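Coordinate inspection notes
Each chain, letter by letter, is given below.
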Amino acid sequence: MTTLTLAKALNEGLRRSMEADSKVLVMGEDVGKLGGVFRVTDGLQKDFGEDRVIDTPLAESGIIGTAIGLALRGYRPVCEIQFDGFVFPAADQIITQLAKMPLRSLGHVKLPVVIRIPCGGGIGAVEHHSESPEAYFTHTAGLRVVACSNPADAYSMIQDAVRIDDPIIFFEPKRRYWDKAEVDLSAPGLPLDRARVVRQGDDVTLLAYGPMVKTCLEAAAAEEGRSIEVIDVRSLNPLDSGVLAESVRRTGRCVVVHEAPVFNGYGAELAARLTEMCFYHLEAPILRVGGFSTPYPPSRLEDHYLPDLDRVLDAVDRVFAY
Amino acid sequence: MTASPELVQLLTPEGERVEHPDYDIELTAEEVRSLYRDLVLVRRVDLEAVSLQRQGELGIWASLLGQEAAQIGSGRAMAETDMAFPTYREHGVAWCRGVDPLYLLGLFRGVHNGGWDPYEHNFGLYTIVIGAQTLHAVGYAMGVQRDGAETATIVYFGDGATSQGDVNESFIWASVTNAPVVFFCQNNQWAISEPLEKQTRIPLYKRASGFGFPGVRVDGNDVFACLAVTRKALADARAGQGPTLVEAFTYRMGAHTTSDDPTRYRMAAELEAWKLKDPIERVKAYLFKNQLADQAFFDKVDEEADQLGRDTRRRCLELPDPEPVAIFENVYSGPHATLEEERDQYASYLAGFAE
Ligand SMILES: Cc1ncc(C[n+]2csc(CCOP(=O)(O)OP(=O)(O)O)c2C)c(N)n1
Ligand SMILES: [Mg+2]
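So, here's what we can say about the structure. (Residues numbered from 1 in each chain as written. Chains lettered and ligands numbered in written order. Predicted model: local features only at pLDDT ≥ 70, side-chain atom pairs only at ≥ 80, totals over all residues. Heavy atoms only, no water.)

Let us now look at the site of ligand 1. Surveying the vicinity of ligand 1 reveals 20 residues, the closest of which are Glu60 of chain A together with Tyr88, Arg89, Ile128 and Gly160 of chain B. Neighbouring residues of ligand 1 are distributed over chains A and B. Separating an oxygen atom of ligand 1 from a side-chain N or O atom of Tyr88 of chain B is a distance of 2.7 Å. One nitrogen or oxygen atom from the side chain of Asp159 of chain B is found 2.9 Å from an oxygen atom belonging to ligand 1. When ligand 1 sits alone it has 590 Å² of accessible area, and the protein chains cover 95% of it. The class makeup of the residues in the shell around ligand 1 is 10 nonpolar, six polar and four charged. (Near = heavy atom within 4 Å. Polar contact = N/O pair within 3.5 Å; in protein donor to acceptor, adjacent residues only side chain to side chain. Areas by Shrake-Rupley, 256 points an atom, 1.4 Å probe, with all protein chains shown as cover. Nonpolar A, V, L, I, M, F, W, Y, C, P; charged D, E, K, R; others polar.)

Quick look at the structure:
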């Protein structure tokens, strides 16, 4: 076991991936010499060279577009988008090309491109540095979408993501980059497309991913009286709905928590799907806690926008009030 | 960096006036003193902001240190009705447009996202997404054309930004529409940790010719040259002669932002070399040598700068945090049922804590 921050765990995972397969490339703005603004790629250029760790021109559409070309030529690019709010210049390449080219080829083409995106708020940043754009990507067929929440998962999930032949949007909870935990560098992790019960409970199921897993665990620990189960969804697409439904049928109550706006957010999909799967077991409607239907606010207000322990427990109270 | 046909310079780092075949400028002593004053004042506000950030009063700050001449020179070249579109580092231009520095501090403190009235100052909102504003500037200039107005538009962006699709598209749009726009690129040699070579193999001003309009490189640390070159480009735009690309050759003396540590990726020697080209020192030397200002003047400007620094700090600390309901305001032009529902729910949730 080794104690690693989430950022360092990703770094170790990327290093393993690059050692295992010489076709793996890392590319993005400031990922080389600087090691990324969050240091996730720290030292990789020094050890693997400028051919494999590329400081790209400042052009996100170019990063993803050329990654597609590199993948067509047999490479496995891991692209970094510096912050969530800067993925949009690449939206066309991701949505109309990356996600659809394999289908267009009737399976002849595989595009093993990983797009790493630091996501979410809570770091006191200026505009465009705190967003949670997952729903845009879960709404795009052809992309896998995953989110890690802790160092051990970060380490194994990034390696799985690099090995898988589909394009993957890989969300990293930026405010958790400095969280430390024990990581077993030799143990195989839970497969990428599986959800994990991170805390067992009997009375209500909390569903979360990325930065909100920790918040939900804290809420569960603070709650007196009720026994709260917390599930880390991990893979948003595909969705491990069996694990989720089993829990919700058992507890009969469910609250979904994410930072992104509730309106048309990923939680809407979870709530609708689990309602269909668990209807006769539900004691109350599935509730959602998340951001407001507004742009992410200036940082002095972000504590109001971001779900915290109180807002999660308030929803737990409400789900028992039915 | 010395004057050459490739680089417009009118004032050397030592404070000597030099001639350039295509550009000249006549400035009264009063005008030079006033340029000097602006340079000193914006540097002082910038230093104060960096220190406020260090003390936890701002979330982050993007310093303009080293780029004062590029910003004051170009900013002062504008006519009142000309329109400017900035990035996030144009504090000197904001100053020239009469935008209270408190707005800039409020943005970086996380109180709002800017909030000044672009129409009042003819100064657009800060744009953090690299390059996006270049297209806005061209569109604005296309509107000016349709209005038959004698107004120029100027848009600021960095060396890194020149790689963005939006910026290249804006060159094309400006070119084919002959839009009255000046592209003002502050080439400060770095895009965070990436040196210029990661973005280009030719000098940036030369890109313009491929798009079909003139490009010129100016000493970005020479406020006279920046003023002269920008004046000419803006005048050309107003006269219907279309776009110009101005590359202001300068240097980012500080970190990219207060979150950045440049010692990880660049040499101290480079910084030392650029210190000798300081944009303020050369104007001071010029004023001294030509006896256009005495020590009392410099002392007075310093005093004024200190006062401005103190005021800026005090007013920054006095900035109230916005009320939570501000989150729901100004998202739409009028009432919005969903937002009102959410706002009311959140207000009653908060009221629950008071009980
Ligand atoms: C679309 C987009 N991608 C990435 C970023 C992150 N970022 C902020 S500033 C910067 C470098 C900009 O360099 P340059 O254009 O030279 O301007 P400078 O900061 O040097 O003034 C980057 C990559 C961003 N703001 N927007
Ligand atoms: Mg730059």
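Still more ground to cover, so stick around.
Let's shift gears to the coordination of the magnesium ion (ligand 2). Residues and elements named next belong to chain B. Bound to the magnesium ion (ligand 2) are the protein donor atoms Asp159 (OD), Asn188 (OD1) and Trp190 (O), situated 2.1 Å from the metal. The sequence pattern formed by the donor residues of the magnesium ion (ligand 2) is D-x28-N-x1-W. The same class applies to Asn188 as to Trp190, namely buried. (Donors = N, O, S within 2.8 Å, 3.2 Å for Na, K, Ca; no water. Buried < 20%, exposed > 50% of the residue type's maximum accessible area, 1.4 Å probe, protein only.)

Turning our eyes to something else, we now look at the packing of aromatic side chains. Scanning the model with the defined rule gives 36 aromatic pairs over all chains in all. Measuring from centroid to centroid gives 5.3 Å for Phe38 of chain A and Phe83 of chain A, while their planes differ by 65°, and the two rings are edge-to-face. Here Phe83 of chain A lies in the loop between strand S4 (76-80) and helix H4 (91-98) and Phe38 of chain A lies in the loop between strand S2 (24-28) and helix H2 (44-48), a separation of 45 residues in the sequence. Across the pair, exposure class does not vary: Phe38 of chain A and Phe83 of chain A are buried alike. With a centroid separation of 5.0 Å and 35° between ring planes, the pair formed by Phe288 of chain B and Phe298 of chain B is classed as tilted. In this pair, Phe288 of chain B sits in helix H11 (residues 279-289) while Phe298 of chain B sits in helix H12 (residues 295-318), placing the two residues 10 residues apart along the sequence. On the basis of relative accessibility, which here comes to 40%, the residue Phe288 of chain B falls in the partly exposed class. Look at Phe298 of chain B and you get buried, because its relative accessible area is 0%. (Phe/Tyr/Trp six-rings, centres within 6.5 Å; stacked < 30°, edge-to-face > 60°. Helix = DSSP H or I, 4+ residues; strand = E, 2+ residues; numbered from the N terminus.)

Cis rather than trans, the peptide bond between Asn237 of chain A and Pro238 of chain A has omega equal to 5°. Note on placement: Pro238 of chain A falls in the loop between strand S12 (235-237) and helix H9 (241-251). A positive phi angle, close to 60°, is found at Asn264 of chain A, a residue other than glycine. For Asn264 of chain A, the position within the fold is in the loop between strand S13 (254-261) and helix H10 (266-278). Assessed through its relative accessible area of 63%, Asn264 of chain A is described here as exposed. With phi around 75°, Gln189 of chain B is a residue other than glycine that occupies positive phi space. Secondary-structure assignment places Gln189 of chain B in the loop between strand S3 (181-187) and strand S4 (190-191).

Remark: a regular strand shows side chains that alternate across the two faces of the sheet. Residue and element names in this part refer to chain A. Of all six residues in strand S5 (residues 114-119), six are buried; the element is thus mostly enclosed. Along S5, one buried face is formed by Val114, Arg116 and Pro118 and the opposite face, lined by Ile115, Ile117 and Cys119, is buried too. Taken together, the three bridges between S4 and S5 define a ladder with parallel strand orientation. Of the residues in S5, the one forming a bridge with Glu80 is Arg116. Strand direction decides the pairing type here: S5 and strand S7 (residues 168-173), joined by six bridges, are parallel. Bridging from a neighbouring strand, Ile115 pairs with Ile169 of S7. (Pairing = 2+ DSSP bridges.)

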